[in-house]
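# What the coordinates show
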Amino acid sequence: MKKILLADMDKCNGCELCVDACSMSHGGFCSLSNSRIRILREEPTAQFAPLMCEQCGEHPCQDACPVKAIVFDPELSLLTVDPELCVACGDCVEACPYQGIFLGEETALKCDLCGGDPACAGLCHTGALRVVEVSPQTVASGLDRKQAKLHFIERNRHAH
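Residues numbered from 1 in each chain as written. Predicted model: local features only at pLDDT ≥ 70, side-chain atom pairs only at ≥ 80, totals over all residues. Heavy atoms only, no water.

As recorded in an unreviewed UniProt entry, the chain goes by Electron transporter and comes from Desulfoferula mesophila.

Here it is as structure tokens:
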């Protein structure tokens, strides 16, 4: 059964353990530029939103990639970035409506579930990040809540 990383937007407290866990898992060091998850912050209202690939059904990142570096991994049953093909043009970053892909130093960075056992979910002490089996309900609910939170944070940023 296909699994995804799901964020509960109401539980994230912005601690960024997930960011460090992701970076450590992929490179052995803590660096925002190496992480496949980021935290959108709205400090005045203490609102935080984990940003990572949602494995959405539309795949605009894959469609936007000029070198076809976003490929389906049959073992994980999700789309990943092939670092041998990626030219770090940023087209996938611009195409993602959920702000879930980032540019690293040499390639685009997209959640790959750490090979099936996401380090970020294992360290998330609030339970904001968890691995769930994909169903139409989990994906739609997660994306709807994320969009609502992103709009709330963006509105507040412009109000201050």
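### Overview of the overall build of the chain
Looking only at helices and strands, the chain features 5 helices and 8 strands. Reading the chain from its N terminus to its C terminus gives the helix and strand order β-α-β-β-α-β-β-α-β-β-α-β-α. In terms of overall size, the chain behaves like a compact globule, its C-alpha atoms giving a radius of gyration of 15 Å where 160 residues would be expected to give roughly 15 Å. Each principal axis of the C-alpha distribution contributes one length, and for the chain these read about 40 × 35 × 30 Å. Across the 160 residues in the chain, those meeting the buried criterion constitute 44%. (Helix = DSSP H or I, 4+ residues; strand = E, 2+ residues; numbered from the N terminus. Rg over C-alpha atoms; globule rule 2.2 N^0.38 Å. Buried < 20%, exposed > 50% of the residue type's maximum accessible area, 1.4 Å probe, protein only.)

### Brief notes about the pairing of strand E5 (residues 78-81)
With burial as the criterion, each face of E5 is covered, one bearing Leu78 and Thr80 and the other bearing Leu79 and Val81. As consecutive antiparallel partners, strand E4 (residues 70-73) and E5 are separated by 4 residues, and within that stretch Ser77 has a phi angle of approximately 60°, a positive value. (Pairing = 2+ DSSP bridges.)

### Notes on the packing of aromatic side chains
Scanning the entire structure with this criterion turns up 0 aromatic pairs. Across the ring face of Phe102, the terminal group of Arg38 is positioned such that the distance to the ring centre comes to 4.3 Å. (Phe/Tyr/Trp six-rings, centres within 6.5 Å; stacked < 30°, edge-to-face > 60°. Lys NZ or Arg CZ within 6 Å of the ring centre and 35° of its normal.)

### Focus on unusual backbone geometry
Phi at Ala88 is positive, roughly 55°, even though this residue is not glycine. Within the secondary structure layout, Ala88 lies in the loop between E5 and helix H3 (91-95). Backbone geometry places Leu113, a non-glycine residue, at a positive phi of 55°. Here Leu113 is to be found in the loop between strand E7 (108-110) and helix H4 (119-123). Look at Leu113 and you get buried, because its relative accessible area is 6%.

### Points about the nonpolar core
Core analysis: the biggest nonpolar cluster contains 27 residues, and Leu5, Cys18, Ile37 and Leu129 have the highest contact counts within it. Elements that contribute at least two residues to this core include exactly strand E1 (3-7), helix H1 (17-27), strand E2 (38-42), strand E3 (47-51), H4 and helix H5 (136-159). Discounting residues that sit within four places of it in the chain, Ile37 has contacts with Cys18, Val19, Cys22, Pro50, Leu51, Met52, Phe102 and Leu129. Counting residues in hydrophobic clusters, the runner-up holds 14 residues, among them Cys56, Cys65, Ala69 and Ile101. (Core = buried A, V, L, I, M, F, W, Y, C linked by side-chain atoms within 4.5 Å. Contact = heavy atoms within 4.5 Å.)

### Quick notes on empty space enclosed by the protein
Rolled over the atoms, a probe sized like a water molecule indicates the empty space that remains. Using the criterion set out here, one finds 4 cavities of 30 Å³ or more in the structure. In this model, the largest cavity occupies a volume close to 90 Å³. In terms of lining residues, the largest cavity is bounded by 13 residues, among which Cys12, Cys15, Cys18, Cys124 and Thr126 are the most central. Along the lines of polarity and charge, the residues of the lining of the largest cavity split into 9 nonpolar, 3 polar and 1 charged. (1 Å grid on protein atoms, 1.4 Å probe; cavity = no way out; pocket = protein on both sides within 12 Å on 5 of 7 lines; lining within 4 Å. Points joined across faces, edges and corners; volume = space filled by probe spheres on them. Nonpolar A, V, L, I, M, F, W, Y, C, P; charged D, E, K, R; others polar.)

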